[in-house]
Amino acid sequence: MTISTRGVAKTPAVLVLEDGRTFRGRAYGAVGETFGEAVFSTGMTGYQETLTDPSYHRQVVVMTAPHVGNTGVNDDDPESRRIWVAGYVVRDPARVPSNWRSRRSLDEELAAQGIVGISGIDTRALTRHLRERGAMRVGIFSGDTVPDDATLLARVQEVPPMKGADLAAEVATTEPYVVPAAGEKKFTVAAIDLGIKGMTAQRMAQRGVEVHVLPANATLDDVYAVNPDGVFFSNGPGDPATADHPVSVMRGVLERGTPLFGICFGNQILGRALGFGTYKLKYGHRGINQPVQDRTTGKVEVTAHNHGFAVDAPLDKVTDTPFGRAEVSHVCLNDNVVEGLRLLDRPAFSVQYHPEAAAGPHDAAYLFDRFVSLMEGQRA
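Residues numbered from 1 in each chain as written. Predicted model: local features only at pLDDT ≥ 70, side-chain atom pairs only at ≥ 80, totals over all residues. Heavy atoms only, no water.

A. Main features of the UniProt feature "active site" (unreviewed entry) in the protein chain. The feature "active site" (unreviewed entry), as annotated in UniProt, sits at Cys264, His354 and Glu356 in this numbering. Spanning 93 residues, the named residues nonetheless gather at one spot, since no C-alpha pair among them exceeds 11.5 Å. Summarising the element assignment, His354 is placed in the loop between β20 (348–351) and α10 (366–379). With sequence-adjacent residues up to four places away left out, His354 is seen in contact with Asp53, Ser55, Lys197, Asn235, Cys264, Ala304, His305 and Asn306. Mapping Glu356 onto the fold places it in the loop between β20 and α10. Using a relative accessible area of 0% as the deciding quantity, one classes Glu356 as buried. Other than its neighbours up to four places away in sequence, Glu356 contacts Lys197, Met199, Thr200, Arg203, Ile263 and Phe368. There is a polar contact of 2.8 Å between the side chain of Glu356 and the side chain of Lys197. (UniProt positions renumbered as here; feature names shortened; annotations may be inferred. Helix = DSSP H or I, 4+ residues; strand = E, 2+ residues; numbered from the N terminus. Contact = heavy atoms within 4.5 Å. Buried < 20%, exposed > 50% of the residue type's maximum accessible area, 1.4 Å probe, protein only. Polar contact = N/O pair within 3.5 Å; in protein donor to acceptor, adjacent residues only side chain to side chain.)

B. Looking closely at the nonpolar core. Ranked by size, the top nonpolar core spans 34 residues in total, and within it Leu194, Val223, Phe233, Met250, Leu254, Leu274 and Leu341 carry the most contacts. For this core, the elements supplying multiple residues, two or more each, are β11 (187–192), α7 (220–225), β13 (230–233), α8 (244–256), α9 (265–273), β18 (324–332) and β19 (338–343). For this core, the element with the most residues is α8, which contributes 5 residues. Those residues within four positions of Leu274 in sequence are excluded, and the remaining contacts are Leu254, Thr321, Pro322, Phe323, Ala326 and Leu343. Ala201, Ala205, Phe261 and Val372 belong to the second largest nonpolar core, which has 25 residues in total. (Core = buried A, V, L, I, M, F, W, Y, C linked by side-chain atoms within 4.5 Å.)

C. Highlighting the pairing of strand β15 (residues 277–294). Bridge count between β15 and strand β16 (residues 300–312): 11 bridges; the pairing is antiparallel. By the bridge assignment, Thr278 is partnered in β16 with Val311. A loop of 5 residues connects β15 with β16, the two strands running antiparallel in sequence, and Gly298 in this loop sits at a positive phi of about 85 degrees. Pairing analysis gives 3 bridges linking β15 to β18, with the strands arranged antiparallel. Paired with Val292 across the two strands is Cys332, which belongs to β18. (Pairing = 2+ DSSP bridges.)

D. Layout of α9. Within α9, 9 of the 9 residues are buried, leaving the element largely enclosed by the surrounding structure. Taken together, the buried positions of α9 are occupied by Phe265, Gly266, Asn267, Gln268, Ile269, Leu270, Gly271, Arg272 and Ala273. After α9 finishes, the residue Gly275 shows a positive phi value of roughly 105 degrees.

E. Spotlight on the UniProt feature "binding site: L-glutamine" (unreviewed entry) in the protein chain. The positions UniProt marks with the feature "binding site: L-glutamine" (unreviewed entry) are Ser55, Gly236, Gly238, Phe265, Gln268, Asn306, Gly308 and Phe309. Despite a sequence span of 255 residues, these residues sit close together in the fold, their greatest C-alpha distance being 13.3 Å. By secondary structure assignment, the location of Gly238 is in the loop between β13 and α8. Taking the relative accessible area as the measure of exposure, Gly238 reaches 10% and is therefore buried. With residues near it in sequence (within four places) discarded, Gly238 still touches Met162, Ala165, Leu167, Phe265 and Phe309. By secondary structure assignment, the location of Phe265 is in helix α9. Exposure remark for Phe265: the relative accessible area of 3% places this residue in the buried category.

F. Highlighting the sheet that holds strand β8 (residues 116–119). Around the barrel, which closes on itself, the 7 strands sit in the order β1-β2-β8-β6-β4-β3-β9 with mixed pairing between neighbours. Recorded for the sheet is a direction-independent mean angle of 35 degrees between the axes of neighbouring strands. Of the pairings in the sheet, the one linking strand β1 (residues 12–17) to strand β9 (residues 136–142) comprises 5 bridges and is antiparallel in character. What sits directly across from Val14, in β9, is Phe141. (Axes fitted to C-alpha atoms, helices over the stretch in contact; angles between N-to-C directions.)

G. Layout of the packing of α8 against α9. Interaxial distance between α8 and α9 falls to 9 Å at its minimum, and their mutual angle equals 70 degrees. In this view, α8 runs roughly perpendicular relative to α9, as classed from their interaxial angle. You can see that α8 and α9 cross each other, and the crossing is right-handed. Here α8 contributes Asp244, Pro246, Val247, Met250, Arg251 and Leu254 to the contact with α9, which in turn contributes Gly266, Ile269, Leu270, Arg272 and Ala273. Taken together, the residues that form the contact of α8 with α9 break down as 7 nonpolar, 1 polar and 3 charged. (Parallel < 35°, antiparallel > 145°, perpendicular 65-115°, else oblique. Left-handed = near helix turned anticlockwise from the far one by under 90°. Nonpolar A, V, L, I, M, F, W, Y, C, P; charged D, E, K, R; others polar.)

H. Spotlight on the packing of aromatic side chains. For the structure on display, the rule yields 6 aromatic pairs. Pairing Phe40 with Tyr283 gives two aromatic rings, centres 5.5 Å apart and planes at 35 degrees, and the pair type is tilted. Taken as a pair, Phe40 in strand β3 (residues 33–41) and Tyr283 in strand β15 lie far apart in primary sequence, 243 residues in all. Of the residues examined, Tyr283 reaches a relative accessible area of 24% and is grouped as partly exposed. Aromatic pair Phe261 and Phe349: ring centres 4.5 Å apart, planes at 15 degrees, arrangement stacked. Of this pair, Phe261 sits in strand β14 (residues 260–263) while Phe349 sits in strand β20, placing them 88 residues apart in sequence. The class for Phe261 is buried, based on a relative accessible area of 0%. An aromatic cluster of three or more residues is present, and its members are Phe232, Phe261, Phe349, Phe368 and Phe371. The side chain of Arg82 reaches across the aromatic face of Trp84, ending 3.9 Å from its centre. The residue whose ring lies beneath Arg256 is Tyr224, and the NZ or CZ to ring-centre distance is 4.0 Å. (Phe/Tyr/Trp six-rings, centres within 6.5 Å; stacked < 30°, edge-to-face > 60°. Lys NZ or Arg CZ within 6 Å of the ring centre and 35° of its normal.)

If you want it as structure tokens, here you go:
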């Protein structure tokens, strides 16, 4: 792909959905072409954390907030080593960033990392289109030699769909590394990296946990080689139906009875490990303002999400599984999608959202304390 950054603000761009709907605007970020799954994010802030969240790999993110980029980009907030979104769509980009931590503008950062975007389009209309018809394949094309719409549409329709995509290994670390505990070390956790965010390990470290981050292809022997008090399965991109290896490893952890915590992709893997199915949502949950109820306490939390797949588990009963009884612990109040699972006879639970609060509200931070409590109980 040829990328250019010269004269971006005046360069025409076009966004083409797989059903033929077309939006015309201006290039934002790099000039060129990109393909992915069109999804929308409802967050009004936290765009830097969204861009660097590995869960967004191969997705073109449409921002529903009209004005984006006003705080620029800093060197403290990235959640991983690079931007992972396949493309970026905004309505009204900030002309000049204004924040004391800003080091450069958002469009400069997108261009530097080769991320093709588009601005100046009606993102409300695009979001409504995706809500009505569902997330779908998309292409963004910019430059002076863009082909005709029919040619662009044909190219978009050749892109592989997200359903059936096995992507975790593409974003995960290839080598193990350790995040030391902050202060006194209390526990050791083996964290399977399926697209882990940097703040997740930091939240555990703040609670006295030494986190050993392992590649997505880590074996059960690799997990127990670090002598863990608990095992964590991270967020990540792709279709959970393809994650046979992590499911196998998780079943091994459940058999041993080691305290287990999973988030997002990790929740879907726990669902599969317990015998539940997964399915693709029409347009998914993305953003930092999704209402979820913790059914164990009745508390309603405002939470950060990025998932296009969900677990198919019964909301109205306890289910017998190969590892004991399981129940749905959290549910989305917008659409009753399963947002958490817990085992009643073993120390294991998961949630479908992002409790590390980067970026997002802090309502769900207690889940890390719940994980620590499981490890304390097991040790006692």
